[in-house]
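Coordinate inspection notes
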Amino acid sequence: MGFLVEITDSEFEKMRKLIYDQFGIKLTEQKKTLLVSRLQKLFRTRRITSFSEYYDFVTSDKSRTSLTELVNYISTNHTFFYREHDHFDFFSQYALPELIQKLNTRRSKDIRVWSAGCSSGEEPYLLVMLMMEFLGRDYGSWDAGVLATDISMKVLEIAQKGIYDKERLDLLPDMYKKKYFNRLDQDRYEVKQEVKKEVTFGRFNLMNETYPFKKHFHIIFCRNVMIYFDEVTREKVVNRFCNVLEPGGYFFIGHSETIRRFSQFEYIKPALYKRKY
């Protein structure tokens, strides 16, 4: 295993503040061991012998590449297709039909959906599949697709490849596997190109002061991301989401997450809100 780099209390405080300030992720005392274990491989690669040395290295890196590297190591990205399936059921049975009706009234074909904290891509790909199912042959006449962002370049690279172990597809109906995936071998599936091209992946930090999107979104998914934020950070991020969500637009969060009852949002059901008009 080699030499283990330990962390002192003062080093942990410095690292904790850096991670909070840059990414909004709040590390509790219980996460100290996790931080130490996850960075050992990086320390060996870079021949770093202490957390103080690493802190100085990261904070002096003007390119911010090492900050990106840090968040790749500390962020947890475990997901699968149809995770928290009632969200996808609501999306296809209620939110999407309501949106299509509204857009038809406006004579608009522009559907804007954002998967914020998209992790390895299962969520945005499934949202595209659900839109393709609902719109059928008319899908091509709509300006649809999904914007998918994450802070971790590591998971974005996985997402763009669109290759998944079969266990990740266990909850998907067989029809979706056959229609929207190519089976590579006994254990792996690849999302078909017709679905891949409908997802735009990009790196985005939710801690940014402004969200510079030209048009507002009709639907935003940000699930199991804000669980790492404290209440102050969560409130700032939710306000930023509200500012880029259309009135009447839906906001999905994770079932293990809660947000304070914001005056701008109407509570629909657990983990689901609607921006007031």
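Below is a short write-up of the structure. This structure is a prediction, so every number in the text was calculated from the model and none was measured. (Residues numbered from 1 in each chain as written. Predicted model: local features only at pLDDT ≥ 70, side-chain atom pairs only at ≥ 80, totals over all residues. Heavy atoms only, no water.)

Structurally, Val 244 is set in the loop between helix H10 (231–243) and strand S8 (245–253). Remark: the alpha-carbon pair of Val 244 and Ile 219, spanning 25 residues in sequence, is separated by 9.9 Å. Excluding residues that lie within four positions of it along the chain, Val 244 makes contacts with Trp 114, Tyr 211, Phe 213, His 216, Phe 217 and Ile 220. (Helix = DSSP H or I, 4+ residues; strand = E, 2+ residues; numbered from the N terminus. Contact = heavy atoms within 4.5 Å.)

Right, let's talk about the packing of aromatic side chains for a bit. Tallied over the full model, the rule gives 29 aromatic pairs. With a centroid separation of 5.9 Å and an interplanar angle of 75°, the aromatic rings of Trp 114 and Phe 204 are classed as edge-to-face. Note that Trp 114 is positioned in strand S1 (residues 113–116) and Phe 204 in the loop between strand S6 (199–203) and strand S7 (217–222), a separation of 90 residues in sequence. Trp 114 sits in the buried class, given a relative accessible area of 0%. (Phe/Tyr/Trp six-rings, centres within 6.5 Å; stacked < 30°, edge-to-face > 60°. Buried < 20%, exposed > 50% of the residue type's maximum accessible area, 1.4 Å probe, protein only.)

Moving on: the environment of Glu 11. Along the chain, the position of Glu 11 falls in helix H1 (residues 9–23). Considered as a pair, Glu 11 and Pro 247 are 236 residues apart in the sequence and their alpha carbons are 45 Å apart. Leaving out residues up to four positions away in the same chain, Glu 11 has contacts with Glu 6, Ser 50, Phe 51 and Ser 52. In terms of polar contacts, Glu 11 uses its side chain to reach the backbone amide nitrogen of Thr 8, at 2.9 Å. (Polar contact = N/O pair within 3.5 Å; in protein donor to acceptor, adjacent residues only side chain to side chain.)

Another point: the sheet that holds strand S3 (residues 163–165). Pairing within the open sheet is antiparallel, and its three strands lie in the order S3-S5-S4. Edge positions in the open sheet fall to S3 and strand S4 (181–183), since each of these has one partner strand only. Neighbour to neighbour, the strand axes of the sheet diverge by 30° on average, direction disregarded. Where S4 meets strand S5 (residues 188–191), three bridges bridge the pair, whose relative direction is antiparallel. (Pairing = 2+ DSSP bridges. Axes fitted to C-alpha atoms, helices over the stretch in contact; angles between N-to-C directions.)

Moving on, we get to the sheet that holds S6. Taken in spatial order, the seven strands make up an open sheet running S6-S2-S1-S7-S8-S10-S9, and their pairing is mixed. At either end of the open sheet lies a strand with only one pairing partner, and these are S6 and strand S9 (265–269). On average, each strand axis in the sheet is inclined to that of its neighbour by 20°, with strand direction left out of account. Sheet topology note: the strand S2 (residues 146–150)/S6 ladder contains five bridges and is parallel. By the bridge assignment for S6, Val 146 is matched with Val 199. Against the sheet, helix H7 (residues 153–161) makes contact with S2 and S6, and its axis sits at roughly 165° relative to S6, the strand it touches most.

Further remarks concern the nonpolar core. Core analysis: the biggest nonpolar cluster contains 45 residues, and Phe 81, Ile 111, Tyr 125, Met 129, Met 131, Phe 181 and Ile 219 have the highest contact counts within it. By residue number, the principal contributor to this core is helix H6 (residues 122–135), which donates nine residues. When sequence neighbours within four positions are dropped, the list of residues in contact with Met 131 reads Phe 91, Leu 96, Ile 111, Val 113, Gly 136, Tyr 139, Ala 144, Gly 145 and Val 146. One finds Trp 114, Phe 204, Ile 253 and Tyr 273 within the second-largest nonpolar core, a separate group that totals 24 residues. (Core = buried A, V, L, I, M, F, W, Y, C linked by side-chain atoms within 4.5 Å.)

Glancing now at the side chain of Ser 152. If you trace the backbone, Ser 152 turns up in the loop between S2 and H7. Note on Ser 152: relative accessible area 1%, which makes it buried. What Ser 152 contacts, discounting residues up to four positions off in sequence, is Asn 72 and Ser 75.

Right, let's get into the pattern of salt bridges. Opposite charge on two side chains makes pairing possible when the charged atoms of those side chains draw close. Evaluation of the coordinates by the stated rule reveals 21 salt bridges. With its nearest N and O atoms 2.7 Å apart, the salt bridge here joins Lys 17 to Asp 21. With Lys 17 and Asp 21 both in helix H1 and four residues apart, this pair spans about one turn of that helix. Take Lys 17: its relative accessible area is 52%, and that puts it in the exposed class. With a closest N to O distance of 2.6 Å, Asp 110 and Arg 112 form a salt bridge. On the basis of relative accessible area, Asp 110 is assigned to the buried category, the value being 13%. What you see here is one network of salt bridges that share partners, running through Arg 106, Asp 110, Arg 112, Lys 215 and Glu 246. (Salt bridge = Lys/Arg side-chain N within 4 Å of Asp/Glu carboxyl O.)

Bringing H6 into the picture now. Given a rise of 1.5 Å per residue, 14 residues ought to cover 20 Å, and the 20 Å separating the end C-alpha atoms of H6 matches this to within 8%. The buried count for H6 comes to 12 of 14 residues, which makes it a mostly enclosed element. Among the residues of H6, Glu 122, Glu 123, Pro 124, Tyr 125, Leu 126, Leu 127, Val 128, Met 129, Leu 130, Met 131, Met 132 and Leu 135 are the ones counted as buried. Once H6 finishes, Gly 136 follows within two positions and takes phi at roughly 60°, a positive value. (Expected span 1.5 Å × (residues − 1).)

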